[in-house]
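# Chain and residue survey
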Amino acid sequence: MMACDVLEDEAGVLLLAADGSIVMSDAAGERWLAQLGTGRSGARAPQVLAAVASRARSAMGSVARVCAPSGVWLVIRASILRGDGDARTALTIEPARADDLAPLIADAHELTERERAVTRLVAHGLGTGAIAERLHISPWTVQDHLKSIFEKLGVSTRGELVARVFLLTDPPRTLTDA
């Protein structure tokens, strides 16, 4: 299975009809469609786009993070457009940023909510004392959390931790297998 990378590129826009066919797209949208395995307006939307659009119809909107078959991580946002005629779904597709994927990486490594909070504060450059103060825990508890986080992520320094979670230097294997 191909590893997932982040691709620097612009957001694309698609318009889906109620039946899931692609009504319109801009040039970037066409490129992202190609990444997802289909290529032109008039075709049925790929399953992942149809799922995001369907979810948007049942809620106020929808967001999904997906790894395209090409190995690129994407963020897909959907919103239902109202007006004359059938409701249509507007989709934006854009490359995922590191902070879009950080929750997936935390999930993949089974970080607890407290470990996630410690990780975010480390990424903001806070030291052990400041983290302890902010989270209303002792510095020793912060160190215990860091030891657990380091073990789960296979890192040994705070810099490696931030790089692993927020800079996507080495996506975890469980994400690339999904």
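Relevant structure appears above.
Residue positions are given per chain, counted from 1 along the sequence in the order it is written. With the structure being a predicted model, the display of local features is reserved for residues of pLDDT at least 70 and the display and counting of side-chain atom pairs for 80 or more, all residues being used for whole-chain, interface and lining totals. No hydrogens and no water enter the side-chain calculation; it runs on all heavy atoms of the structure.

### Some details on the overall build of the protein chain
Just so we agree on the cut-off: Put simply, DSSP marks the helices as runs of H or I at least four residues long and the strands as runs of E at least two long, and each gets a number from the N terminus on. Each residue's exposure class comes from its accessible area (1.4 Å probe, protein chains only) as a fraction of the maximum for that residue type: buried when under 20%, exposed when over 50%, partly exposed otherwise. Only heavy atoms matter for contacts: two residues are in contact if any of them lie within 4.5 Å across the pair. Accessibility throughout is a Shrake-Rupley quantity obtained with a 1.4 Å probe, and a residue counts as covered only by protein chains that appear here.
Each helix and strand counted, the protein chain has 8 helices and 5 strands in total. Its helices and strands taken in sequence order, the protein chain reads β-β-α-α-β-β-β-α-α-α-α-α-α from the N to the C terminus. Within the protein chain, the proportion of its 178 residues that are buried is 43%. Across the protein chain, every contact between residues at least 6 apart in sequence was considered, and the portion connecting residues at least 24 apart equals 48%. When the accessible surface of the protein chain is split by element, carbon and sulfur atoms take 53% of a total near 9,600 Å².

### Let's talk about helix 4 (residues 113-123)
All of the buried residues in helix 4 are Glu115, Arg116, Ala117, Val118, Thr119, Leu121 and Val122. Considering only its buried residues, helix 4 is in contact with helix 3 (98-108), helix 5 (128-135), helix 6 (139-153) and helix 7 (158-166). Positioned one or two residues after helix 4, Gly125 has a phi angle of 90°, which is positive.

### Digging into the packing of helix 6 against helix 7
Our working rule: All axes here are fitted lines through C-alpha atoms, helices being fitted over the stretch that makes contact, and every angle between N-to-C directions spans 0 to 180 degrees. Here roughly perpendicular refers to angles of 65 to 115 degrees, roughly parallel to angles under 35, roughly antiparallel to angles over 145, and oblique to all remaining angles. Should the near helix be turned counterclockwise from the far one by less than a right angle, the crossing is left-handed, whereas a clockwise turn marks it as right-handed. Here the nonpolar group is Ala, Val, Leu, Ile, Met, Phe, Trp, Tyr, Cys and Pro; Asp, Glu, Lys and Arg are the charged ones; every other residue, Gly included, is treated as polar.
Taken N-terminus to C-terminus, the directions of helix 6 and helix 7 make an angle of 55°; their axes are 11 Å apart at the nearest point. It follows from the interaxial angle that helix 6 and helix 7 lie oblique. For helix 6 against helix 7, the interelement crossing comes out left-handed. In this structure, helix 6 contributes Gln143, Leu146, Ile149, Phe150 and Leu153 to the contact, and helix 7 contributes Arg158, Leu161, Arg164 and Val165. Taken together, the residues of the contact of helix 6 with helix 7 sort by class into 6 nonpolar, 1 polar and 2 charged.

### Side note on the side chain of His145
The residue His145 is located in helix 6 in this model. Not counting chain neighbours up to four residues away, the residues in contact with His145 comprise Arg114, Glu115, Val118 and Ile137.

### Overview of helix 3
What helix 3 keeps buried is the set Asp100, Leu101, Ala102, Leu104, Ile105 and Ala106. Glu110 lies just past helix 3 and shows a positive phi near 55°.

### Remarks on the pairing of strand 1 (residues 12-16)
For the record, the criterion: We treat two strands as partners when DSSP finds at least two bridges between them.
Here strand 1 lies mainly inside the structure; 4 of its 5 residues are buried. Bridge analysis of strand 1 against strand 5 (residues 88-95) gives 5 bridges, and the strand direction is antiparallel. The residue bridging Leu15 from the neighbouring strand is Ala90, located in strand 5. Pairing geometry for strand 1 and strand 2 (residues 22-25), over 3 bridges, is antiparallel.

### Some details on the nonpolar core
The condition that has to hold: Within this scheme, the nonpolar core is defined by two criteria: the residues are buried Ala, Val, Leu, Ile, Met, Phe, Trp, Tyr or Cys, and they are joined through side-chain atoms within 4.5 Å.
Ranked by size, the top nonpolar core spans 23 residues in total, and within it Ile131, Leu153 and Leu161 carry the most contacts. Mapped by element, the contributors of at least two residues to this core are helix 3, helix 4, helix 5, helix 6 and helix 7. Counting residues per element, this core draws most heavily on helix 6, at 5 residues. Leaving out residues up to four positions away in the same chain, Ile131 has contacts with Val118, Leu121, Val122, Leu126, Val142 and Arg158.

Taken by themselves, the reported measurements are silent on function.
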